[in-house]
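In case you want the letters, here they are:
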Amino acid sequence: MPPDKTTEPNKPERKPKKSKPAFFSIENLRSLAIWIVIIFAIRWSVASPYHVPTPSMEPTIKVGDRLLAYKLSYEFKLPFTDIALFGWDKPTHGDIIVFRYPNDPNIDYVKRVVAIGGDDVELRNGYLYINANKRELHDHNFDRSILADIYDNKDDKLLYREGSEQAGYWVMYNKTTQFATRNWPWRGTFKVPQDSVVVIGDNRDNSSDSREWREVPLSYVRGKALFVLWSMFTPQGDPWYRMQFRLNRFGYTLR
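Remember, predicted model here, so these are calculated numbers, not experimental data.

Further remarks concern the pattern of salt bridges. What the rule picks out here adds up to 18 salt bridges. Here D65 makes a salt bridge to R246, at a shortest N to O gap of 3.7 Å. A residue pair is termed long-range when its members are at least 10 positions apart, and D65 in strand 2 (residues 65-70) and R246 in the segment after strand 17 (244-245) qualify at 181 residues. With relative accessibility at 3%, the residue R246 sits in the buried group. For D195, the salt bridge identified is with K90, shortest N-O distance 3.6 Å. One end of the pair, D195, is in the loop between strand 13 (190-191) and strand 14 (196-200); the other, K90, is in the loop between strand 4 (84-87) and strand 5 (96-101), and 105 residues separate them in sequence. It is possible to trace a salt-bridge network through shared partners that takes in K62, D65, D149, R246 and R249.

Listed below in structure tokens is the structure:
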């Protein structure tokens, strides 16, 4: 006689395998949308890279630099708005800031803060005065290596360190412009309104800045430029495909 059929006691039933969602499934698209929102929120409120297309801050920031602006340097803004939820500091003298251009807030500029709210500021014969205190210019034309890969005609530039040789920052003037004509404002001093800053480019004779459009409201400040992420340079006269990396600019601290 054939043996009786038996079954294993308490054998668990096999559950059908759950199929993976398709690449363009609702689940994947929802996750992608969440990550996109998170990334843009971080760029808006925490940190964001910026490309520099103009020479107004040379030689400190060079054409082709990709710098990082840290947006938590001064405050925390609600993502996708200009509403500051918390503030712990304000831009001060010498800071390099990214800000909304006062004449067109859809454009971002980068310049150096030279005066803050309540200061009396002026440029007289090329020298910067803050509250009647003169910022010294230290001639650095004995070593012009920092100018090797700038875009704004280096042979027409005079190089200085403003403030002090060690703790100061780079400033350039054109050789062909007389210092006596470098006065701003034309008469007296400019009183910086409260909750504002005055900014000027380090390339003093080739910069659109507060000398043209006055102060920058603090609410327009995006963040503080900290360092160069990476940089590329095309020698003048060469075609675009001869572009090369400035390896010595990678991670370069801005000051």
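Next comes the rest of the account.
The subject of this paragraph is a nonpolar patch on the surface. Together, L29, L32, I34, W35, I36, V37, I38, I39, F40, I42 and F80 give the surface a local cluster of nonpolar side chains, amounting to about 1100 Å² of exposed area. Counting through the fold element by element, L29 comes out in helix 1 (residues 26-45). By relative accessible area, which is 39% here, L29 ends up partly exposed.

Moving on, we get to the environment of D143. Relative to the assigned elements, D143 resides in the loop between strand 10 (137-139) and strand 11 (157-162). Residue classification places D143 among the partly exposed residues on the basis of a relative accessible area of 33%. For D143 and L159, which are 16 residues apart along the polypeptide, the C-alpha to C-alpha distance reads 8.8 Å. Within the structure, the side chain of D143 is placed 2.9 Å from the side chain of S145, a separation counted as a polar contact.

A few words on the nonpolar core. Residues A115, V121, L128 and V198 are the most contacted members of the largest nonpolar core, which totals 16 residues. Elements represented by at least two residues in this core include exactly strand 6 (104-116), strand 7 (120-124), strand 8 (127-130), strand 12 (169-174) and strand 14. The greatest single-element share of this core, amounting to 3 residues, is contributed by strand 12. Ignoring anything within four residues of it in the chain, the contact list for V198 reads R112, V113, V114, A115, V121, W184, F190, V192 and S210. Among the nonpolar cores identified, the runner-up in size contains 12 residues, and M57, I61, L67 and A225 belong to it.

Taken together, the 4 strands give an open sheet; going across it, the order is 9-8-7-13, and neighbouring strands pair in antiparallel fashion. Of all strands in the sheet, those with a lone pairing partner are strand 9 (133-135) and strand 13, marking the two edges. Bridging between strand 7 and strand 13 involves 2 bridges; their strand directions are antiparallel. Along strand 13, the bridge assignment pairs D120 with K191.

Here we have 3 strands laid out as an open sheet, ordered 10-11-12, and antiparallel in their pairing. Of all the strands in the sheet, the pair left with one neighbour each is strand 10 and strand 12. When the angles between neighbouring strand axes are averaged without regard to direction, this sheet yields 40°. For strand 10 and strand 11, the ladder comprises 3 bridges, and the chain directions are antiparallel. When the bridges of strand 11 are listed, L137 appears paired with E162.

Definitions and cut-offs
Residues numbered from 1 in each chain as written. Predicted model: local features only at pLDDT ≥ 70, side-chain atom pairs only at ≥ 80, totals over all residues. Heavy atoms only, no water. Salt bridge = Lys/Arg side-chain N within 4 Å of Asp/Glu carboxyl O. Helix = DSSP H or I, 4+ residues; strand = E, 2+ residues; numbered from the N terminus. Buried < 20%, exposed > 50% of the residue type's maximum accessible area, 1.4 Å probe, protein only. Patch = residues over 30% accessible without salt bridge, like charges linked within 9 Å, V, L, I, M, F, W, Y side chains within 5 Å. Areas by Shrake-Rupley, 256 points an atom, 1.4 Å probe, with all protein chains shown as cover. Polar contact = N/O pair within 3.5 Å; in protein donor to acceptor, adjacent residues only side chain to side chain. Core = buried A, V, L, I, M, F, W, Y, C linked by side-chain atoms within 4.5 Å. Contact = heavy atoms within 4.5 Å. Pairing = 2+ DSSP bridges. Axes fitted to C-alpha atoms, helices over the stretch in contact; angles between N-to-C directions.

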